[in-house]
Every structure is written in structure tokens, then in C-alpha cells.
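Each chain, letter by letter, is given below.
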Amino acid sequence: GLPASTATYGSDYALAPSNTVTIPAGATNASFTLTPVHDQLTAEGAETAVIGLAAGAFIIGAQSNAIVTIADTSALAWYASPTGSESNGGTTLADAFLTVSNAVAHAASGDSVYLDGGTYNIISEIVVTNAVTIRGLFGPATTIVRRSSGTTRIFRLLHAGCALRDITAANGYLTGTGVGGGGIYMTNGLVQNCVISGHTQWYNAPGGGIYVGGGLLRDSIVEGNSSYGNGFGTADGGGVYLGGTAV
């Protein structure tokens, strides 16, 4: 049989798209993503998650498995969920905050903010000024942070150690000359495996979807964004505007 896992699904790690992966008929493999989850416990040592094939009506060769080691850390984790509450403690998924901004406000440099699957409606931008990672637990297809009303972008990333991973940022809307970044404005940090879509920037400012003045944009989809002038100037980068950085 398979070796026993010492890590617990849900409290120590998450699997996307789900904790059961089906290999389609005629295929030889299937992909999934395992994301470590901080359980707020320190000094518990490294833990392992064992991934293997379950018995079924199929023919396989010799049984094999993969063992993923999840290292211990002294940093903390904070959680947000569309079903959470601002009166919660935010230290577990079951006790998650309601808003992303509240989880980010609690996080110190080195901490992580984990977002449960669902849609987060915002009316003001989420500003990250320290080395915090914001990560969707179940990937960008199910973790969506979007403007619900008013005039705002979604994220402003300002620290070299900050990161945004595995989410969709959607529906930002900005007006104003020289502002830039209708969806995301970043001068530092990392945006990886994200979807940046449906943003609008008006009045001669660059970067309808994302303004990248520094840092790294990697392995992400930028689609359906717009940047408009006002008839007296130009608006560069309907999707992405780069200013001395890397994609």
C-alpha cells in the first residue's frame, strides 16, 4: 500500500482542481496543483503528503507514488473567504476574514494570505507594502477579486518581496491622467499564474490591465483590457505597460 501521509488535507495543503484527480480514458496522465497551507503551528517539523493511484477498474504497472515534503516555517498565515466574517480571527480557513484587505492588513513581512475559492467584491484597491504573498488556494479559475462599484484598481504592489499568485483580478476601472494600471499597478514584487481581465484605464495613462514599473509578471493571462486617451494624448498598453522590467 501507499506510505501514510503525515500532513492533513485541508489544514496542511490544498489540491486544485480538487482532492480527487481523474485520468481520462485513453490518457496516461493528469495534472493537479498541491499548495501548502499554513496551519499557524510552528516547531512541528516537516510533514509529508503522499500522492498515489487508488485501486480501480484499470490496469497499471508497478504501484508508484510521489511524496511531497512540506517544510515548517515560523511565518504566519492569514485567510479570507467569501463566507468569512470580519469578526473572525483569520488564522484558519474555518475562521477566515471576509475581505482580502483585512487579511493583508494583519500580515507582516514573510506572512502569507490565502484566499478561499469564490468571488471577492471590492470598492477600493488592496495595497501591499511589505513582503506578503497573496495566494488563491484553488487557482485563478475559482478565486476572483473584482471591483463591484466605484472607481478603483484591484491591487497596488509596492514591495520587492510581495507576490500575487493563483488568482483572477477583474473589472478594475480608473480615470485620471498619469495614473496607470487599471487592474494592477506594480513597482516591485511578483505576479504569477494570475488572470488579469476586464480592466479599463481612461485619460492618457498606461497599462489598462497592468502597469509594471518594476518586478516580474510571469505565467499569467492578460485579456480583455483597455486603455483610452481623451483626444489630446496617448494611452499606451491596453493590456500591459512595461517600464524597465521583465515578463
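Residues numbered from 1 in each chain as written. Predicted model: local features only at pLDDT ≥ 70, side-chain atom pairs only at ≥ 80, totals over all residues. Heavy atoms only, no water.

## Brief notes about the side chain of T143
Working step 1: Along the chain, T143 turns up in strand β10 (residues 143-147).
Working step 2: What T143 contacts, discounting residues up to four positions off in sequence, is L115, D116, G117, G118, Y120, G136, L137, F138, D166, I167 and T168. (Helix = DSSP H or I, 4+ residues; strand = E, 2+ residues; numbered from the N terminus. Contact = heavy atoms within 4.5 Å.)

## So, the pattern of salt bridges
Working step 1: One pass over the structure, following the stated rule, counts 4 salt bridges.
Working step 2: Among the salt bridges present, the one from E125 reaches R153, with a minimum N-O distance of 2.9 Å. Placement of the pair is E125 in the loop between β7 (118-122) and β8 (126-128) and R153 in the loop between β10 and β11 (155-157), with a sequence separation of 28 residues.
Working step 3: A salt bridge links D219 to R218, with the shortest nitrogen-to-oxygen separation between them at 3.6 Å.
Working step 4: The exposed category is assigned to D219, whose relative accessible area is 54%. (Salt bridge = Lys/Arg side-chain N within 4 Å of Asp/Glu carboxyl O. Buried < 20%, exposed > 50% of the residue type's maximum accessible area, 1.4 Å probe, protein only.)

## Quick word on the packing of aromatic side chains
Working step 1: Per the stated rule, a full pass over the model turns up 5 aromatic pairs.
Working step 2: Ring centres of Y185 and Y211 lie 5.0 Å apart, and the angle between their planes is 5°; on these two criteria the pair is classed as stacked. A residue pair is termed long-range when its members are at least 10 positions apart, and Y185 in strand β15 (residues 184-186) and Y211 in strand β19 (residues 210-212) qualify at 26 residues.
Working step 3: In textbook terms, an aromatic cluster arises when at least three aromatic residues are bridged by ring pairs, as seen for Y185, Y211 and Y241. (Phe/Tyr/Trp six-rings, centres within 6.5 Å; stacked < 30°, edge-to-face > 60°.)

## With respect to the sheet that holds strand β13 (residues 168-170)
Working step 1: Strand order in this open sheet of 5 strands is β7-β10-β13-β17-β21, and the pairing throughout is parallel. Each edge of the open sheet is held by one strand with a lone partner, namely β7 and β21 (221-223). Neighbour-to-neighbour, the strand axes of the sheet open up by a mean angle of 15°, direction not taken into account. (Pairing = 2+ DSSP bridges. Axes fitted to C-alpha atoms, helices over the stretch in contact; angles between N-to-C directions.)

## A short note on the environment of T73
Working step 1: Along the chain, T73 falls in the loop between β4 (65-70) and β5 (77-80).
Working step 2: Once the C-alpha coordinates of T73 and D111 are considered, the two residues, 38 residues apart in sequence, prove to be 9.8 Å apart.

## A look at the sheet that holds strand β16 (residues 190-192)
In a beta sheet, neighbouring strands pair by backbone hydrogen bonds and run either parallel or antiparallel.
Working step 1: Taken in spatial order, the 6 strands line up as β5-β6-β9-β12-β16-β20 in an open sheet, and their pairing is parallel. Whereas interior strands pair on both sides, the edge strands pair on one side only; in this sheet they are β5 and β20 (216-218). For this sheet the average axis-to-axis angle between neighbouring strands, irrespective of direction, equals 10°.

## Examining unusual backbone geometry
Working step 1: Here D166, not a glycine, exhibits a phi torsion of approximately 65°, which is positive.
Working step 2: Inspection of the secondary structure puts D166 in the loop between β12 (163-165) and β13.
Working step 3: Looking at D166, the relative accessible area reads 9%, which means it is buried.
Working step 4: You will see that N193, though not glycine, has its phi angle at about 50°, which is positive.
Working step 5: As for its position among the elements, N193 is in the loop between β16 and β17 (195-197).

## Notes on the nonpolar core
Working step 1: Counting 31 residues, the largest nonpolar core has V145 and F155 as its most contacted members.
Working step 2: At 3 residues, the largest contribution of residues to this core is made by helix α1 (residues 100-106).
Working step 3: Apart from residues lying up to four places away in sequence, V145 is in contact with V100, L115, Y120, I122, I126, I154, F155, I167, T168, A169 and A170. (Core = buried A, V, L, I, M, F, W, Y, C linked by side-chain atoms within 4.5 Å.)

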